[in-house]
Structures are given as structure tokens and as C-alpha cells.
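# Architecture at a glance
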Amino acid sequence: MWFSFWRSRDRFSLDELRHLTYQLMKIQIVNEVNKDFVVEALRSIAELITYGDQHDPAFFEFFMEKQVMGEFVRILKISRSVTVSLQLLQTMSIMIQNLKSEHAIYYMFSNEHINYLITYTFDFRNEELLSYYISFLRAISGKLNKNTISLLVKTQNDEVVSFPLYVEAIRYAFQEENMVRTAIRALTLNVYHVGDESVNRYVTTTPHAAYFSNLVTFFRKQCINLNGLVSDASKNPGPESTSSILVAVDEIEDNLYYFSDVISAGIPDIGRLITDNILQHLIFPLLLPSLRMEAVNETQISAVTSLYLLCCILRIVKIKDLANTVAASLFCPLEAFIKISETKLNGYISGHGFTHEREQSDSDNLDTKVESGSLRVTTSNLPGSSQSHQEDVAFQLSCSGSSLALREVLLSYVNNGDDMLVLGSLSVIATLLQTKELDESMLDALGILPQRKQHKKLLLQSLVGEGSDEEQLFSPESSLIRDGFNSELDSYLQKLKQEQYGVLCSCPEVAASPRVHRFQVLDALVNLFCRSNISAETLWDGGWALRQLFPYNETEFNSHHLELLKDSYRNCIGTLLREVKGFWLDLLITVLCDEWRKCKRAIEASSPRREPKYVLLPLQKSSFEEVIPVESSIVAGERMCELVKVFVLLHQLQIFSLGRALPDQPPILPPIDVPQSFRAKAAGLGVLGPKPGTELRLVDAVPCRISFERVDAVPCRISFERGKERHFRFLAVSMETSGWVLLAEELPLKQHYGVVRVTAPLAGSNPKIDDKHARWLHLRIRPSTLPFLDSDKRTTYAKVNKKALVDGRWTLAFSDEYSCKSALSMILEEINLQSNEVERRIRPLLDLEREVNFSSPSPCPLEASSSSTTPSNSL
């Protein structure tokens, strides 16, 4: 009997739940004595209710019968312990998250206990308590649907007048703690996606609509912070600054994706609020005025940051009105954004000395250009992040005929900006091209409608009888915009004029033909390819844009364009020919084949190779520049690869301008029938070339002594003791485009034969007889390959000490002056043979007219792929 009385209860039993509940009911005040029991009881009740929901409905029936929810609220009221508050919130979160029964959820939400807990004044000075509270709110939002949400709101005349869950949650939407912000965003998305019309009206009316304005204000501050990081990185580039920028970029893009998720809920009023606030508080007062060449002050951001942000907003926040309004704003002059208060104070809108000839509507005048010398854009100071966006600040757009439109500013950056500005402008053009929300007629007005889309729409119009006759269908003069005006563009300009977005606009009509705008874009792109201070990577992005806009034949290019491209191409050929005799002539064909394939893929791809965020990253110097002298072969190799990228692009553009399809391989001749030079053949070298341990005939080999000198520590397969001379037979040989300097030891038992002990590349050896010792021959020994060409080894090379890649120095001591001069002439002769073979094989590539008749170029062998480098191009 006594054993039965003291028998322990099963932990997961209804008796245990009863016991815990009755014990809680007896507690009249929570103090240090019973605090631990209360915490444990709350934790155990959560476990039991969760268990009962899956195994025995009697558990939750008892929970309802004894109104345990009320007990929870009572315990909270009589407790001043943070520990109890923490456990209560955790208990509620666990129960709500794990209850599967709809009946149980309805009960939990059907009384005011949940709303009481939501609105209870917790002491959030304890950060852990705030975290538990936010988790509690998020758990509730996870159970929202059209039925349960009605249990958490108060209504009057079928309109929601109170929604504590949403109101309390958005109070913490801008906490410094990222996890809190993320949870609140998840909660709001759960609310928006329920689809309850009365709730939707509630969240989009005053004062709750201010949440969306605050979102944009918070986002604006992040944009200004990002600009600060970009500015610091430009002054002190390095891995740390780049990492900081990328972290800030991730946060900004996360915010924009949140905007996109909110819009996907399909609530029209929310889409309108987001559009209005982004335009009023971000794009009009900050981003568009920042598109200028001169330095900005502390309250504004740089043009590069502004270009990136415009790309991100258009790419991620997919709202038709937003995209088309931004596109229409590009026809407004940059000087137009002046605060009305400043305008009234001065009594007039000051001109800023703009000199620009407005485009004429004459469709025959197709050589209209943006002159670089005429661009100098200035705007007055705009409010910084410290000024609240709640203020009623309006901006006036004053457009005079002498002002540069924003679209012209973008083109001027392509013509005259540095590498980052060019990339940013090209990214904006690419983003506009890929923004599906933009009307095609808007793209045509900007001069960037891809011709294939233009022809497709005109063809459809012709088929249904809406277009002109067939002769005009594919004529160069055809356009979606006739009489120099676009109804779609007009409608959005009218919205700006009517203060639709808090902006007073007085913009001129777009009088120029879209064809003139189109040729302005073509002018800018062609001029870009003639610039020598832009990196190859950025020029490839320009090639992609050109291919997207003008994918047809030479009718798009006038004689001026063709001549500019040809001049740039000829200059590049001259520079490439110098590389035929340079440090890396043996790898030139390999790099040409590899970059040809990469460039073809890049300009024929559906999207640009690089994301807009790369415009923010400081231009990376040569990866070896800081530790390797400028005259190093590694630096020369990077310069050669950069040159090849530019040459390949210009060559493919030449083919493109002729209306021809790009071949998969460059037109490079196959090796000649005689696979090796006389010396290589006489030495008995095989097709694979010499390697250490290879046996060869020493017919023309010159005896020498060698002393190996190195700059710092150059790794070598054979270790030579300092001060100890080794006797070798010297030989220089070439085979096709490869060449080697060989040091061989004579075989004592086999006359005139030896074994190769050391090999080094022939190209770049730069032989020179010592000025004071006529029997000494100095050689430069470069690496056998460029470390950045092999993608598999690129990571390894990035970790290795860069000083290990410094060129080596050999000093060969010969028995007499004649032997030394013989060795020198042997090297020069073999380098000349090697260079001639390289030039012979690439000759069709350098002669475009010959290439037209070149029917079956030799496929390039599989070579190591070269990496992307971004040193400045010097043609």
C-alpha cells in the first residue's frame, strides 16, 4: 500500500500534467524559493502538451478544461523574475510551433491570452528575453491563415482596428541584431501572404503604412554606409576592405529581396507604397543626383555606388511602375534635382554652364555624339541620412535645352569614365535590357531595344495588318516610336510632372528620333573599344552589350564606326606582334585559343559575365606587383594575357561587323610537316621534347661551367651547392613553338651522347655576354608556365610565397670567347626559329581579309585555361 502511494508517475502521462497544473495553481507569488519549480513546470507542460497532441487528445482537453493558458498569464503577472518570463515565452513558442491539431491552434488563439502576452511589457534590457519574445511572435505568425488570423485582430464594421501581433512586431523591424530583423521580416511576410483583405487594408493605411517608408529609410542608410566602405576601399585597397564591401552588398541585396517577397504577396497597395517610397526617398533625392563626374560631399554617394544600386533595384524589385519611372527619369537632366526650398530662397534656378547640343529630329543625322569636353555635371547638396524622410521634402525638376539628360551622362561615362564608371554604366544598360517589366517602346526610346525584339514586334504587326508595308519592315529607319514621341514614355513623364511621386517635373519632350539615340549608344560602345585605359574584362562587357543591341549585319555600322574599329584593331595587331618576340611567345597560341573560346562565350551569353557588385570592388592590381619587379616575366605574362583578351575581342568584333558568325576556334594554322629544328633533330629529341634524364646526341653542344645565381630563393628540382661549379654541355633547341635551354652531362661510356640534367624555357632567356668577362653568358630563367593559367593550381599559387616566382639568373662560363659567342648565336637562332613559327601559325588571325577565305582552321589543342585578370590595358 505504501509502495503504491510513493510510486513515481510516468513522465509522459496525464497524471503528470494534472500534478504540474495543480501545483502551478497553488502558487500565489513567484520568489527565489519556488522559481526553479515554476520554470521546470512550464517546460514540462510544453513537452506534455506537444506529446499529447500527437498521441492522446485527452492531454489538450485537460489543458482547455483547466484553462492552463490563463494560469500562464497569472504566473507572468505575479512574477518579477526574468528567468520565468524566458521560460514562459519558450513554452508558448514550443507549443504553438509543434501543435498539429487545428482545433488546438484555434483554442490557443481564440482568447485574449495570446494578445495579452504579445502586448505585455517585458524588460527587454535583457537581450535574451527580446530574442525569446521575437521567436514567440514568429511562431504565432507561422500558424496564420484566413481562419486563424481573424482570432488575433479586433474589427469594427468589418474593418480591422487592432492587430497587436503586427503592430508590436514592426516596432523591432530595425533592431541592430540581424537575427531579430530577419525574424520580423519572416513574420510580416506570413501576414501579407495570408491574403485577408481587411488585414491588407489595415497594414497599408496610416499609421501602419509608415513601416514601408521606414524600410526605405533604413535601406537608404545602408546605401550610404556602403558608399563609405567603397570610398575607404579606393584609398586603402586590400582583402579586408573587399570583404567588408561584399558583406554590405549581401545585406543590401537581402533587403531588396525582402521587398521582392513582399511584392509577391500580390497586394497592390503595398506595391504602390514601396514604389512611391523608393522613388521619393531614395532614387530621386539620392541616386539620380549622384550620377555625376565630380567628387561628392559627405551627404551624397559616389556615381559608382549609385550605378550599382540602380542595377540592384531594377534587377530585384520587379515592379512595372518603378522600372518604367526610372527609365523615364533618364530623359531628365541631372541638374534638375534641386530642393524647392533652396530654389525659393535664391528666387531662381541657377544654370550650371552646361554646353550640349540637343539631338535633332532629322533621322538622317546619325552621327550625333556626346562630346566628352562638354560634360560637367553639378547639383546642389541634398539632405543626408541624418535628415528624416518623414519631412515633407519635394524636389523640382527643371529641364533646359542645354542640359545633359541622365541617359547622356551614362553614355559619357562609357566614353570618358574610368574602368569602374564604364562597368557601372554598362551594368545599368544590361540591367535595363534584362528588365522584363520595362515596356519595349521605352527601351526603344532609350536607344537600347535589341534589334531582334524590334523586328519581332514589327513582324507581328505586319502579320495582323497593323504595320507598314513589307519593304519597311526591316528597314533601318523602322522603329517602335514614330514622330519622335513614345506614348508609354509620355505617360510616365506626365506622372512626374503631376507630382505623382512628390516631384515637380518640367521635362522637355523627347524630340529626337529613337534611331538617333540608338546610334548614340553605338557611338559610345565603339569609342569604348578604342580606349587603351580600360581593362579587357570591362571591354568584354561592352562587347556583350554591343552583341545584344546590334546582333545583325554591317548596316548598323556607318563608315566612321568601321574605321574606328579597324584602327583600334590594327594598333592591337602591332602590339601583339611584339609579343611574338616577347617573354611568353611559346604560350601565345595557347592563350589565344583559350581566350577566343572564353570571349565568344562571354559576348554570346544571355547575361553579362560579371554581376553589378563587381563595380564596387577596387581594381585589383597585378597579383604579383607588390613583390615582383615590373620587369619580371610574370608581370610581362599578365600584360600579354590582357593584350590577348583585347585583341580577341576586337577581332571578333571585326567578324561581327562583317555580318559573319563567330567560329568556335581562331583561324590558326597547324604545325608544319617538319616538326623540329635541325639541332633538335640532330640531337635525337622526340616529339615530346626534352626532360631531365633524356638521352641525346651532343653534336653542337658547347662545354661550359655554370654558377647558378638567384634573386632570393627560386625553387629548383636540382640543388647546387653554393660555390661548387658543375660541368655541363650546353645546347639550345626549338620544336614548333616550344624551345629549351639544355644542360647535359656527357656519358663516359657513350661518346658524343649525354643525359639532360637541367632544362629551362628558351623564350625570355634574354642572353647577354658579360661586359667585363667575355667568356661569361648571362641568362634570365623564367617559370615554365604562368601560375594563373592553370585553374587547378591557381589556389596553390595564391598561397605560395610570391618571391618564389622571381626570375632566376644563370651565368654560364665557357672555355673561350668563341664558345661563348657560339652559345649566344645558338640561342638567338633558335628563338628566331621559334618566333617565326608562332608568327606563321597566327598569320591568318592577323590578316582578316585572308581569314574570310580561310575555310578550315586547325582546332586548338586543349590548353590550360587562363584566369581572368584585371590590370589596365595598354595597347
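Residues numbered from 1 in each chain as written. Predicted model: local features only at pLDDT ≥ 70, side-chain atom pairs only at ≥ 80, totals over all residues. Heavy atoms only, no water.

What follows is about the overall build of the protein. When you go through the protein residue by residue, the secondary structure sums to 33 helices and 13 strands. When each of the 875 residues of the protein is scored for burial, the buried share is 54%. Approximately 40000 Å² of the protein is accessible, and the part contributed by carbon and sulfur atoms is 49%. (Helix = DSSP H or I, 4+ residues; strand = E, 2+ residues; numbered from the N terminus. Buried < 20%, exposed > 50% of the residue type's maximum accessible area, 1.4 Å probe, protein only. Areas by Shrake-Rupley, 256 points an atom, 1.4 Å probe, with all protein chains shown as cover.)

Our focus in this paragraph is helix H14 (residues 239–263). Its 25 residues give H14 an end-to-end C-alpha distance of 36 Å, which sits within 8% of 36 Å, the value for a rise of 1.5 Å per residue. Buried within H14 are the following residues: Ser-241, Thr-242, Ile-245, Ala-248, Val-249, Ile-252, Glu-253, Asn-255, Leu-256, Tyr-258, Phe-259 and Val-262. Contact partners of the buried residues in H14: helix H11 (178–192), helix H13 (210–235), helix H15 (268–287) and helix H16 (303–316). (Expected span 1.5 Å × (residues − 1). Contact = heavy atoms within 4.5 Å.)

Moving on to the environment of Asn-571. Its place among the elements puts Asn-571 in helix H27 (residues 559–579). With relative accessibility at 49%, the residue Asn-571 sits in the partly exposed group. Along the primary structure Asn-571 and Phe-647 are separated by 76 residues, whereas in three dimensions their C-alpha atoms are 9.5 Å apart.

Here the focus is the packing of aromatic side chains. Applying the stated criterion across every chain, the model contains 25 aromatic pairs. Members of the aromatic cluster, each reached through a chain of ring pairs, are Phe-163, Tyr-166, Phe-174, Tyr-192, Tyr-211, Phe-212 and Phe-218. (Phe/Tyr/Trp six-rings, centres within 6.5 Å; stacked < 30°, edge-to-face > 60°.)

Let us now look at the packing of H27 against helix H29 (residues 633–657). Remark: H27 packs on H29, axes separated minimally by 9 Å, with the N-to-C direction vectors making an angle of 145°. Note that H27 runs across H29; the crossing there is left-handed. Every residue of H29 that contacts H27 at Leu-562, Leu-565, Lys-566, Ser-568, Tyr-569, Cys-572, Ile-573, Thr-575, Leu-576 and Glu-579 is listed here: Met-640, Leu-643, Val-644, Val-646, Phe-647, Leu-650, His-651, Leu-653, Gln-654 and Ser-657. Split into classes, the residues belonging to the contact of H27 with H29 amount to 13 nonpolar, five polar and two charged. (Axes fitted to C-alpha atoms, helices over the stretch in contact; angles between N-to-C directions. Left-handed = near helix turned anticlockwise from the far one by under 90°. Nonpolar A, V, L, I, M, F, W, Y, C, P; charged D, E, K, R; others polar.)

Right, let's get into the confidence of the model for the protein. Confidence in the prediction for the protein averages 78 pLDDT; 73% of positions are at 70 or higher. In the model of the protein, helix H1 (residues 2–5) stands out as the element of lowest mean pLDDT, 37, in contrast to helix H10 (residues 164–170), which has the highest, 96. For the stretch residues 467–485, pLDDT sits under 50, and the model shows 34 contacts to residues farther than four places along the chain or on other chains. Of the regions scoring below 50 in pLDDT, residues 707–720 engages in 27 contacts with residues more than four places distant in sequence or in other chains. (pLDDT = per-residue confidence, 0-100.)

Following Thr-206, the chain continues to Pro-207 via a peptide bond in cis, the omega torsion being 5°. Mapped onto the secondary structure, Pro-207 falls in the loop between helix H12 (197–203) and H13. The backbone phi angle of Gln-67 is positive, close to 50°, even though this residue is not glycine. Along the chain, Gln-67 turns up in the loop between helix H4 (58–65) and helix H5 (68–77). A residue is classified by how much of its surface remains accessible, and Gln-67, at 54% relative accessible area, is exposed. In this structure, Asn-766 is a non-glycine residue whose phi angle is positive, near 50°. If you trace the backbone, Asn-766 turns up in the loop between strand E10 (753–761) and strand E11 (768–769).

Looking now at the pairing of strand E12 (residues 776–781). Pairing geometry for E11 and E12, over two bridges, is antiparallel. Across the sheet, Ile-769 pairs through a bridge with Leu-777, a residue of E12. The turn linking E11 back onto E12 is made up of six residues. Note that E12 and strand E13 (residues 808–814) share six bridges and pair antiparallel. (Pairing = 2+ DSSP bridges.)

Counting 218 residues, the largest nonpolar core has Phe-72, Phe-136, Phe-163, Tyr-192 and Ile-283 as the members making the most contacts within it. Among residues more than four places away in sequence, those in contact with Phe-72 are Leu-24, Leu-42, Ile-45, Phe-63, Leu-88, Thr-91, Met-92 and Met-95. If you look at the next biggest cluster of nonpolar residues, it comprises 29 residues, including Ala-732, Ala-760, Leu-812 and Met-826. (Core = buried A, V, L, I, M, F, W, Y, C linked by side-chain atoms within 4.5 Å.)

To continue, consider the side chain of Ser-141. Secondary-structure assignment places Ser-141 in helix H9 (residues 127–141). Not counting residues within four places of it along the chain, the set of residues in contact with Ser-141 comprises Leu-165, Leu-187 and Asn-190.

What follows covers the environment of Pro-450. Tracing the sequence through the fold places Pro-450 in the loop between helix H21 (440–446) and helix H22 (451–463). The spatial distance from the C-alpha of Pro-450 to the C-alpha of Arg-518 is 9.9 Å, given a sequence separation of 68 residues. When neighbours within four sequence positions are excluded, Pro-450 is seen to be in contact with Leu-433, Arg-518, Gln-548 and Leu-549.

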